[in-house]
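# Tertiary structure, described
Spelled out, the chains give:
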Amino acid sequence: MTAQSNIYPTAALQATDAAHHLHPFSDMKSLNEEGSRIITGAEGVWLQDSDGKRMMDGMAGLWCVQVGHGRKEIAEAVSRQMEELAYYNTFFKTTHPPAVALSEKLAQLAPDHMNRVFYCSSGSEANDTVFRMVRHYWDQIGQPAKKTIIGRWNGYHGSTLAGTSLGGMKAMHEQGDLPVPGVRHINQPYWFGEGGDLSPEEFGIKVARELETAIDQLGEDTVGAFIAEPIQGAGGVIIPPESYWPEIRRILSERNILFAADEVICGFGRLGTWFGSDYYGLKPDLMPIAKGLTSGYLPMGGVMVSDRVAEGLVDKGGEFYHGYTYSGHPVCAAAALASLDIIEREGLVDRVANDIGPYLRERWLKLNDHPLVGEARMTGLVGALELVPDKTNRHKTFPDTGTVGTICRDISFENGLVMRAVRDSMIISPPLVLSREEADFLIEAVVKTLDETHHA
Ligand SMILES: *Cc1c(COP(=O)(O)O)cnc(C)c1O
């Protein structure tokens, strides 16, 4: 990558951006005063900004760039597809070769009992689709009262009305009277922050049983589904205690409701398995996917469904009045196929499970010794550091939640590493192509950042 510091007029771009561009999840007043960072290029795990500064992309963009930046194979596949057939819809009895090939590929990669996919363009749309699909399924099989969907506090399922409602982000709910009716939330398996004096395993069982209680209170004949991320991403990389998923599985096996495993982050190798559902043995009925599906090269999402759900959606007949102009977009499908091909060819899933994953994790967990770190945790290539004022007391938090996290994130940028702050925890989710040398750089940058944050 060549230095491009002279080509981009940073201040002018920032001023124009401030005048006309409303950014997602941003305080636009303060962002406009500060000025946006302008990313101008990227290669592998490295980003470059308009001042010529190189930074490691510790977040794989936004949890999505599995195969790393700048992969020519994807650019070429996309370009070929654009020339051949840039767009056609999949409504009205039509399809096209890229959508056919991708559907077959996804069925092959997904758990055995999941063989069909409905396409959309994002994780949020995928969860809107889940919302409608669950209700349609129960209508189809003659149980229309099963409408309520149970989600979890601090879960994240996207930013549309249904995504925000299914998610459990209270700040998002407060902006606009959400959730919509028909959604209920139970507590998350966040032992470090909410486990009280219970052991992680006791706490895992306790919060899992809230599902059972919620189903009983609502009445099983009114509950359509439970939705959850295998590991919560945006909520702060919440890795559940080992007791949690088996207990949830037990409850789901006894109850007649659907389970939607939101694989938007955990899917496509992040945990060292193709899907988070494989990692935890979840056997979901629906799997919303997006992000790593195309490695972020083009927007695409989908919902994979089990053979059980297909019985309602397909075998029963009748039209599901749902779909998007860009469902199965040929160029996005070509990008997905090219990205999946790289993941397979380079054995990236196995690399996360057996090579770079354990390598980074061993070093990451050593950060537990740092005076600012209350807990370091990592599964596959996704991890968090809980920053605390007193590492001997898990229950003590910083007075103004988020302030230390933000300071730490800004210092990290200066040290050449993009980490994300969620409250006062630091998050990484690097591309799956991260090398050992790059992992060493990452750890060194984190240690330097923690030291400087500690003394700030
Ligand atoms: C990012 C995310 C979404 C939303 O995806 P978008 O493409 O941003 O709409 C949904 N679920 C999970 C788990 C996510 O991480």
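Residues numbered from 1 in each chain as written. Predicted model: local features only at pLDDT ≥ 70, side-chain atom pairs only at ≥ 80, totals over all residues. Heavy atoms only, no water.

### Considering the packing of helix H6 (residues 123-140) against helix H13 (residues 307-315)
One way to put it is that H6 packs onto H13 with a least axis distance of 8 Å and a crossing angle of 70 degrees. Taken as axis vectors, H6 and H13 run roughly perpendicular relative to one another. Where H6 crosses over H13, the handedness of that crossing is left-handed. For the pair formed by H6 and H13, the contact residues are Met-133, His-136, Tyr-137, Trp-138 and Gln-140 on the first element and Arg-308, Val-309, Gly-312 and Leu-313 on the second. A per-class count over the contact of H6 with H13 returns five nonpolar, three polar and one charged. (Axes fitted to C-alpha atoms, helices over the stretch in contact; angles between N-to-C directions. Helix = DSSP H or I, 4+ residues; strand = E, 2+ residues; numbered from the N terminus. Parallel < 35°, antiparallel > 145°, perpendicular 65-115°, else oblique. Left-handed = near helix turned anticlockwise from the far one by under 90°. Contact = heavy atoms within 4.5 Å. Nonpolar A, V, L, I, M, F, W, Y, C, P; charged D, E, K, R; others polar.)

### Examining the site of the ligand
Surrounding the ligand, one finds Ser-122, Gly-123, Ser-124, Asn-127, Tyr-156, His-157, Gly-158, Glu-229, Asp-262, Val-264, Ile-265 and Lys-291. A distance of 2.5 Å separates an oxygen atom of the ligand from a polar side-chain atom of Ser-124. Separating a nitrogen atom of the ligand from a backbone N or O atom of Tyr-156 is a distance of 3.4 Å. Protein contacts shield 83% of the accessible area of the ligand, which totals 380 Å² for the unbound molecule. A class-by-class count of the residues in the shell around the ligand yields three nonpolar, six polar and three charged. (Near = heavy atom within 4 Å. Polar contact = N/O pair within 3.5 Å; in protein donor to acceptor, adjacent residues only side chain to side chain. Areas by Shrake-Rupley, 256 points an atom, 1.4 Å probe, with all protein chains shown as cover.)

### What to know about the nonpolar core
Within the largest apolar cluster, 62 residues are counted, with the highest numbers of intra-cluster contacts made by Leu-106, Trp-364, Leu-385 and Leu-387. When residues of this core are assigned to their parent elements, the largest contribution, nine residues, is made by helix H14 (residues 330-345). Three or more residues apiece are contributed to this core by two domains, here domain 1 (10-67 + 349-454) and domain 2 (73-345). Excluding its chain neighbours within four sequence positions, the residues that come into contact with Trp-364 are Ala-376, Arg-377, Met-378, Gly-383, Ala-384, Leu-385, Met-426, Ile-428, Leu-442, Ile-443 and Val-446. Within the second largest apolar cluster, 25 residues are counted, among which are Val-223, Tyr-244, Ile-248 and Ala-261. (Core = buried A, V, L, I, M, F, W, Y, C linked by side-chain atoms within 4.5 Å. Buried < 20%, exposed > 50% of the residue type's maximum accessible area, 1.4 Å probe, protein only. Domains from an automatic or database assignment.)

### Brief notes about the pattern of salt bridges
Scanning all chains against the criterion turns up 22 salt bridges. Between Arg-37 and Asp-49 there is a salt bridge, with its nearest N and O atoms 3.3 Å apart. In this pair, Arg-37 sits in the loop between helix H2 (28-34) and strand S1 (39-43) while Asp-49 sits in strand S2 (residues 46-49), placing the two residues 12 residues apart along the sequence. Looking at Arg-37, the relative accessible area reads 35%, which means it is partly exposed. Assessed through its relative accessible area of 4%, Asp-49 is described here as buried. Here Glu-375 ties to Arg-377 by a salt bridge, and the two come within 2.6 Å at their closest N and O atoms. A residue is classified by how much of its surface remains accessible, and Glu-375, at 19% relative accessible area, is buried. One continuous salt-bridge network, built from bridges that share partners, spans Arg-71, Glu-73, Asp-341, Arg-345 and Glu-346. (Salt bridge = Lys/Arg side-chain N within 4 Å of Asp/Glu carboxyl O.)

### Regarding H13
Listing the buried residues of H13 in full gives Val-309, Ala-310, Gly-312 and Leu-313. Here the buried residues of H13 occupy an arc of 160 degrees about the axis, which is enough to place them on one side. Of the surrounding secondary structure, the elements contacted by the buried residues of H13 are strand S4 (114-120), H6, strand S8 (258-261), strand S9 (286-289) and strand S10 (301-306). Of the residues trailing H13, Gly-317 is marked for its positive phi of about 75 degrees. (Arc of directions from axis to C-beta.)

### Here's the deal with helix H11 (residues 244-254)
Of all the positions in H11, only Tyr-244, Trp-245, Glu-247, Ile-248, Ile-251 and Leu-252 are classed as buried. Taken down its axis, H11 places every buried residue within 160 degrees of arc, on the same side. Residues of H11 that are exposed and point over 90 degrees away from its buried face: Pro-246 and Ser-253. Contact partners of the buried residues in H11: strand S5 (148-152), helix H10 (200-218), strand S7 (223-228), S8 and helix H12 (276-280).

### Some details on the domain arrangement of the protein
Structurally, the protein comprises domain 1 (10-67 + 349-454) and domain 2 (73-345). Between domain 1 and domain 2, the C-alpha centre-to-centre distance is 26 Å. Counting the surface lost from both domain 1 and domain 2, the interface buries some 2,800 Å², and carbon and sulfur atoms represent 62% of this. On the domain 1 side of the contact with domain 2, Val-67, Val-349 and Arg-394 bury the most area, a combined 26% of that side's loss. Connecting domain 1 to domain 2 are zero salt bridges. The interface formed by domain 1 and domain 2 contains 16 residue pairs in polar contact (both at pLDDT 80 or more). Listed by contribution, the elements that provide at least two residues to the side of domain 1 that touches domain 2 are helix H3 (60-63), helix H15 (348-354), strand S11 (373-379), strand S12 (382-387) and strand S14 (420-422). It is S11 that provides the largest number of residues to the side of domain 1 that touches domain 2, a total of five residues. When grouped by side-chain class, the residues that make up the side of domain 1 that touches domain 2 number 19 nonpolar, seven polar and six charged. (Buried area = accessible area lost by both parts, 1.4 Å probe.)

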